[in-house]
Amino acid sequence: MTAQFPVARPRRLRRTAAMRRMVAGTRLHPAELVLPMFVKEGIGEPHPIGSMPGVFQHTRDSLRKAAHEAAEAGVGGLILFGVPAVKDARGSGADAPDGIVQQAVADLVSDVGDAMVVMTDTCLDEFTDHGHCGILTPGGEVDNDATLERYAAAAVAQARAGSQVIAPSGMMDGQVAAIRAALDGDGFEQIPILAYSAKYASAFYGPFREAAECAPQFGDRSAYQQDGAGPVGEALREVRLDLDEGADAVMVKPALAYLDILRQVRDAVDVPVAAYQVSGEYAMVEAAAANGWVDRDRVIMESLIAIRRAGADMILTYWATEVARKLQ
């Protein structure tokens, strides 16, 4: 560009709303949004989550109603998390044929499986009594290889129930390969894997742990989730390993505090990239808005645009239904 002020006036393209819409370089579409949902076994009515206003632990019936609303709004997909009535050390509910996730997935696929993509989170933390994402050794560490067997069993159970995308989130080494082999061996070669490839040990997950009732009973998850100050290139290494093992799409989690990682991943791969706008991001905006400190609607849209601009093809967000309605 050679022209300078007063010939060059960038404000010309910002003068009106219509002009700004016409030249916008980043757009949101309802089909790019994925709604995380929680279903709890043994409750008679939906339970509001105190730290996440507007989000609920659903019954199977209220889950179906909320899923219908999301589908009608044009939301592209949903991802399901389950809270069983009984937990144990091996997370038996994760692969039980009559487990809460398996039952709810069958409901959802029957109801909205043609209108939106029904995904399942594949992990053990919601199902274990200790709250960690895998099988523990006698010394209290997560046993990576023993955990892979449990993930594979859970993925197959979810696929048999009708899950249309398996999304492993535990950050175990080799989890994608183990799940891919198990799915293929059970006749589910067509089911894609969305890998939580760059998932960080983040303080932004706090409200989620209330929703999924999965807070670790001791320690934290820093030994298996990524360190936010970790080695340069670690996220890309994890992404490449997952792709080599058969992942069809990859995810960065959390979103807003890791937009730089999201951009690096988007630039490095040729598969769809998802970003998870996590519970802490949601809760902070809702709390600030409730106090009158921020313009809630504008902050929601600005944060989503930032995630999209950084390279996300899909955004997991608890505002998916609300935002999809506005975009329509």
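Please refer to the structure placed before this passage.
Residues numbered from 1 in each chain as written. Predicted model: local features only at pLDDT ≥ 70, side-chain atom pairs only at ≥ 80, totals over all residues. Heavy atoms only, no water.

Undergrad: In this structure, what is going on with the pairing of strand E9 (residues 273-276)? I would like to understand it.
TA: One face of the sheet, then the other: side chains in a regular strand alternate in exactly this way. Side-chain alternation along E9 places Val273 and Ala275 on one buried face and Ala274 and Tyr276 on a second face that is also buried. In this structure, strand E8 (residues 249-253) lies alongside E9, joined through three bridges in parallel fashion. Within E9, the position partnered with Val252 by the bridge is Ala275. When E9 meets strand E10 (residues 314-316), the two strands line up parallel, connected through three bridges. Of the residues in E10, the one forming a bridge with Ala275 is Ile315. (Buried < 20%, exposed > 50% of the residue type's maximum accessible area, 1.4 Å probe, protein only. Helix = DSSP H or I, 4+ residues; strand = E, 2+ residues; numbered from the N terminus. Pairing = 2+ DSSP bridges.)

Undergrad: What should I look at first to understand the packing of helix H3 (residues 100-112) against helix H4 (residues 144-161) in this one?
TA: Two quantities define a packed helix pair, namely the angle between the helix axes and the distance between the axes. For the pair H3 and H4, interaxial distance at closest approach is 8 Å and the crossing angle is 30 degrees. The angle between H3 and H4 places the two elements in the roughly parallel class. For H3 against H4, the interelement crossing comes out right-handed. Contacts from Val101, Gln102, Val105 and Ala106 in H3 reach Ala157, Gln158 and Ala161 in H4. Here the residues of the contact of H3 with H4 are counted per class, giving five nonpolar, two polar and no charged. (Axes fitted to C-alpha atoms, helices over the stretch in contact; angles between N-to-C directions. Parallel < 35°, antiparallel > 145°, perpendicular 65-115°, else oblique. Left-handed = near helix turned anticlockwise from the far one by under 90°. Contact = heavy atoms within 4.5 Å. Nonpolar A, V, L, I, M, F, W, Y, C, P; charged D, E, K, R; others polar.)

Undergrad: Explain the pattern of salt bridges to me, please; I cannot follow it from the model alone.
TA: Side chains that differ in charge, positive against negative, can pair when their charged atoms come close. Under the definition given, this model contains 18 salt bridges. Where Glu322 meets Arg296, a salt bridge forms, and the shortest distance between an N and an O atom there is 2.7 Å. Here Arg296 lies in helix H10 (residues 296-309) and Glu322 lies in helix H11 (residues 320-327), a separation of 26 residues in the sequence. Residue class for Glu322 comes out partly exposed when judged on its relative accessible area of 24%. Given the relative accessible area of 22%, Arg296 is considered partly exposed. With its nearest N and O atoms 3.1 Å apart, the salt bridge here joins Lys326 to Glu322. Of this pair, Lys326 and Glu322 are both found in helix H11, four residues apart, which corresponds to roughly one turn of the helix. Three or more residues joined by partner-sharing salt bridges are found here, namely Glu286, Arg296, Asp297, Glu322 and Lys326. (Salt bridge = Lys/Arg side-chain N within 4 Å of Asp/Glu carboxyl O.)

Undergrad: I keep staring at unusual backbone geometry and nothing clicks. Help me out?
TA: Leave glycine aside and you will find that most residues have negative phi; peptide bonds, for their part, are mostly trans. The residue after Phe5, namely Pro6, is reached through a cis peptide bond having omega 15 degrees. Following Lys253, the chain continues into Pro254 via a peptide bond in cis, with omega recorded as -5 degrees. Among the structural elements, Pro254 can be located in the loop between E8 and helix H8 (259-268). Look at Met171: it is not a glycine, yet its phi comes out positive at around 60 degrees. Within the secondary structure, Met171 sits in the loop between strand E6 (165-168) and helix H5 (175-185).

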